[in-house]
Number of protein chains: 4
Amino acid sequence: MPRTSKPADVRSAEILNAAAGLFRQHGVGAVSIDQIAREAGIAKGTFYLHFQSMRDLLARMAEATVTAMAENVERVIATSESSPYETLVLALAALKAVEADHAPLAQALDHPDNVDLQERANIALVLKVGPLLASVIERGCKTGDFAVEDPLSTIQFILAGQAFLLGNPRFGWSQDEHGVRLMATLRLTERALGARPGSLVSAFLAVLAGAAPGSAEAGSLQS
Amino acid sequence: MPRTSKPADVRSAEILNAAAGLFRQHGVGAVSIDQIAREAGIAKGTFYLHFQSMRDLLARMAEATVTAMAENVERVIATSESSPYETLVLALAALKAVEADHAPLAQALDHPDNVDLQERANIALVLKVGPLLASVIERGCKTGDFAVEDPLSTIQFILAGQAFLLGNPRFGWSQDEHGVRLMATLRLTERALGARPGSLVSAFLAVLAGAAPGSAEAGSLQS
Amino acid sequence: MPRTSKPADVRSAEILNAAAGLFRQHGVGAVSIDQIAREAGIAKGTFYLHFQSMRDLLARMAEATVTAMAENVERVIATSESSPYETLVLALAALKAVEADHAPLAQALDHPDNVDLQERANIALVLKVGPLLASVIERGCKTGDFAVEDPLSTIQFILAGQAFLLGNPRFGWSQDEHGVRLMATLRLTERALGARPGSLVSAFLAVLAGAAPGSAEAGSLQS
Amino acid sequence: MPRTSKPADVRSAEILNAAAGLFRQHGVGAVSIDQIAREAGIAKGTFYLHFQSMRDLLARMAEATVTAMAENVERVIATSESSPYETLVLALAALKAVEADHAPLAQALDHPDNVDLQERANIALVLKVGPLLASVIERGCKTGDFAVEDPLSTIQFILAGQAFLLGNPRFGWSQDEHGVRLMATLRLTERALGARPGSLVSAFLAVLAGAAPGSAEAGSLQS
DNA sequence: AATGAATGAGTGTTCATTCAT
DNA sequence: TATGAATGAACACTCATTCAT
């Protein structure tokens, strides 16, 4: 009822945050625009001043998340002065960090019902982040750390498998099952990249033990 | 209006088939129970005699599909007398065959809107078919054809990556892009399984050149 | 809340009547489907079981009204054994009678806001009833009672003028003003049809004084 | 954003014109105040500085149109030195001219959805222009050119019939059908006014053949 | 006199589910 | 078992109007 005017981008962000919170609690499919407006402290009509439709909201939320992820990864790559091994692991960890930073936005993607939203992000991730990581691998190929024929296709496959197998809450892995699969993923990645056996695994453990960028329990990108 | 009584399982199968056809055409989200009932030639109320809800229908449809896939793979494995290489490739081909044979049920999963349904199937696939293929790999480890520490986790990751990266219509890969990623996937699989370089790729090409195994012997989904 | 099932045509008629009543009170533009459903004692969803949309309702209501008018006029013409003069006047009176018979359906057209609805009826009236009356006039031309070159165009013009000038509540004529215009209309019609001066006027007065078919205060067709 | 201040009547006229243009394109029912404001180059709030509501806008637009028509007719009558026949025909032509000159305002009334607006104009026309033409007819009665008892009622009926039957796009007359009805109308008018057979028809044809009077000298609606 | 972001009641429509027959 | 008319909560979205600036 009190009429508070705010810059468009601030309002958009508030709505996006309100929506993300509700999505996390109930899943995208169970949240109405009415609820979002209420949560954001605005009238229903105001929602439509900033978003064309629910679909529009979803798209923009997914885009914002992946953009943040790509930016994070890019920064890490540009900054890193370590070996390709560690750069790759740092980049993967940076990906995970977005979930902590952009909470609850990123976490909204976790709900079992949000497959649609999650998928948009995953696909954009494979397409946007894939090339970034491929460049790291190519560098590794020159240094002799890696040996792959088709870095882009390979890393995209790995991102896809990881996003789907480890990032999907529906599998309902126990912590142990998750750990086993994470290790298998790292070993698979080592082999796929033609890296020295154990190299990525140890680099990953080193990062975990070290500055642990992003989140302590790091391990999966999406979940 | 003609009141035809049928055994419960026959009716269920008819409804499932009617639904699959509509899902393929319009996507799950755009199909109402009204339409399904009409397509199945029954009254709306009758639908609820056989399915508790739309959610129930979706779950059972996904389950039926994956069950058929698992049965197909199992049959291939039990029958095959070839090397583990070829058995594995035959099994993967049998998996794909279900999509062709069990149309329109299997194909319904292809529609962009049906991610939810598709995912249920993919997850069940990873959980059900993964162990079957893992057993083939274990056999290969004993014969020295493969060398992996954790066959189950590894093949599950690969199934996941493949299901997501190659099975998802939203990526919109061109035929070329698809081919590149398929080859990268096979090479990645070779390495991940510790197989001789080129072995899987050539086995796969051999199968392709051969009798296109799998599709011919496929059974019916609802049987 | 009590679930009462009725034949489709009965329900349709009930809804039509409920709608007509509300339209008369508030005008078509101010009546929501919610209100109609409440008035008809059904759930909102039930409305859509019988009418595709509000537009559909309007169209069917207008059609029903005009159909009744045309049938009334046709019956009068078929039955009448009087002179063309009287037949014509009787037919015009029968038109008016529909308002009494089909109340409140016909009266709904009276509200100032219902121009759209009213117009559909008026147009259908001109097109459907025009030819019927034209046939009477043609008969009159042969008997020498009338003398017109183009009976159809002429009577359609007269129906149009009368529907608009006398049937439109927005003019807000006083009873006197209305009477003056009615008489002028009759004299104009006499002349337009080439009838003997005073003939129609007196026939009209005779009908009024006689059996007064339809409604006592007859005089205008639409209002 | 540029805050341009203008006299109230200029702004009103601009808004009226903007609205008329949109009404013509989309029909009154499909035009929002948002659109009108945008078209007029003002903010939404400014609209309400000049018009109380949409209803108000419609009423004033109809009034403006008819006022222009009445002024046109009055000017013709005052100026004309011809016979009552020709004066009458000239006046009727001047009426039609407004539709051409005051486009898009006048033409907005032509859209099928704008019946409400059209009607307001038609009614005002009958009430305002009717008396003007009646005076011409009265003059004609004195000169013996016409012979009518009640000039006002008669000409009002004729205006009504003509406005409704010939001015209503919903009838969908073909050009031929329209022509037939126009001629019938003229003959009917001759008879109704007691004019010499053929007199009006030939006067009308003469005017058509002449300088297409009316359109040239028409004034501006908002002036 | 002008702005335009904010309001919120209101709309038409859908559809999973129920239940009297 | 089967029917299908009836239900009604829920939904996305619109738009005339207000008011703080």
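Residues numbered from 1 in each chain as written. Chains lettered and ligands numbered in written order. Predicted model: local features only at pLDDT ≥ 70, side-chain atom pairs only at ≥ 80, totals over all residues. Heavy atoms only, no water.

1. A closer look at the nonpolar core
(1) Moving on: By size, the foremost hydrophobic cluster in this structure holds 90 residues, and its most contacted members are Val73, Leu133 and Phe146 of chain C together with Val73, Leu133 and Phe146 of chain D.
(2) Moving on: Not counting residues within four places of it along the chain, the set of residues in contact with phenylalanine 146 of chain D comprises Pro84, Tyr85, Leu88, Ile137, Gly140, Cys141, Leu193, Gly194 and Ala195 of chain D.
(3) Moving on: Core analysis: the next-biggest nonpolar cluster, separate from the first, contains 88 residues, Met69 and Leu159 of chain A together with Leu132 and Trp173 of chain B among them. (Core = buried A, V, L, I, M, F, W, Y, C linked by side-chain atoms within 4.5 Å. Buried < 20%, exposed > 50% of the residue type's maximum accessible area, 1.4 Å probe, protein only. Contact = heavy atoms within 4.5 Å.)

2. Describing the interface of chain C and chain D
(1) Moving on: Listed by partner, the interface residues are 40 residues for chain C and 40 residues for chain D.
(2) Moving on: Between chain C and chain D lies a buried interface of about 3,400 Å² when both sides are counted; carbon and sulfur atoms form 64% of it.
(3) Moving on: It is Phe157, Phe164 and Arg191 of chain C in chain C that bury the most area against chain D; as a group they hold 23% of the surface buried on that side.
(4) Moving on: The interface formed by chain C and chain D includes two salt bridges. (Buried area = accessible area lost by both parts, 1.4 Å probe. Salt bridge = Lys/Arg side-chain N within 4 Å of Asp/Glu carboxyl O.)

3. Let's talk about the UniProt feature "DNA-binding region" (unreviewed entry) in chain A
(1) Moving on: Residues annotated in UniProt with the feature "DNA-binding region" (unreviewed entry) correspond here to residues 32-51 of chain A.
(2) Moving on: Secondary structure across residues 32-51 of chain A comprises 75% helix and 0% strand; the distance between its end C-alpha atoms is 14 Å. (UniProt positions renumbered as here; feature names shortened; annotations may be inferred. Helix = DSSP H or I, 4+ residues; strand = E, 2+ residues; numbered from the N terminus.)

4. What about the pattern of salt bridges?
(1) Moving on: Going through the model one piece at a time under the given rule, you end up with 22 salt bridges over all chains.
(2) Moving on: For the salt bridge of arginine 60 of chain B with aspartate 56 of chain B, the shortest nitrogen-to-oxygen distance reads 3.3 Å. One end of the pair is arginine 60 of chain B and the other is aspartate 56 of chain B, both in helix H4 (residues 54-79) and four residues apart, which spans about a single turn.
(3) Moving on: When its relative accessible area of 29% is taken as the criterion, arginine 60 of chain B is described as partly exposed.
(4) Moving on: Here glutamate 149 of chain D makes a salt bridge to arginine 187 of chain C, at a shortest N to O gap of 3.5 Å. On the criterion of chain membership, the pair formed by glutamate 149 of chain D in the loop between helix H7 (115-143) and helix H8 (151-167) and arginine 187 of chain C in helix H8 (residues 175-193) is interchain, its members lying in two chains.
(5) Moving on: When its relative accessible area of 64% is taken as the criterion, glutamate 149 of chain D is described as exposed.
(6) Moving on: Taking the relative accessible area as the measure of exposure, arginine 187 of chain C reaches 24% and is therefore partly exposed.
(7) Moving on: Several salt bridges share partner residues, and in doing so they unite Lys6, Arg11 and Glu14 of chain A into one network.

5. Focus: the protein's contact with DNA strand F
(1) Moving on: Taken together, the neighbourhood of DNA strand F is formed by 42 residues, with Arg3 and Lys44 of chain A, Thr46 of chain B together with Arg11 and Thr46 of chain C sitting nearest.
(2) Moving on: Within 4 Å of the protein, atoms of DNA strand F come from sugar and phosphate in 57% of cases.
(3) Moving on: One of the backbone nitrogen or oxygen atoms of lysine 6 of chain B is found 3.1 Å away from a phosphate oxygen of DNA strand F.
(4) Moving on: Contact between DNA strand F and lysine 44 of chain B: a base nitrogen at 3.4 Å from a side-chain N or O atom of the residue.
(5) Moving on: Broken down by secondary-structure element, the contributors of at least two residues to the surface near DNA strand F are helix H3 (44-50) of chain A, helix H3 (44-50) of chain B, helix H3 (44-50) of chain C together with helix H3 (44-50) of chain D.
(6) Moving on: The residue inventory of the surface near DNA strand F, partitioned by class, reads 16 nonpolar, 15 polar and 11 charged. (Near = heavy atom within 4 Å. Polar contact = N/O pair within 3.5 Å; in protein donor to acceptor, adjacent residues only side chain to side chain. Nonpolar A, V, L, I, M, F, W, Y, C, P; charged D, E, K, R; others polar.)

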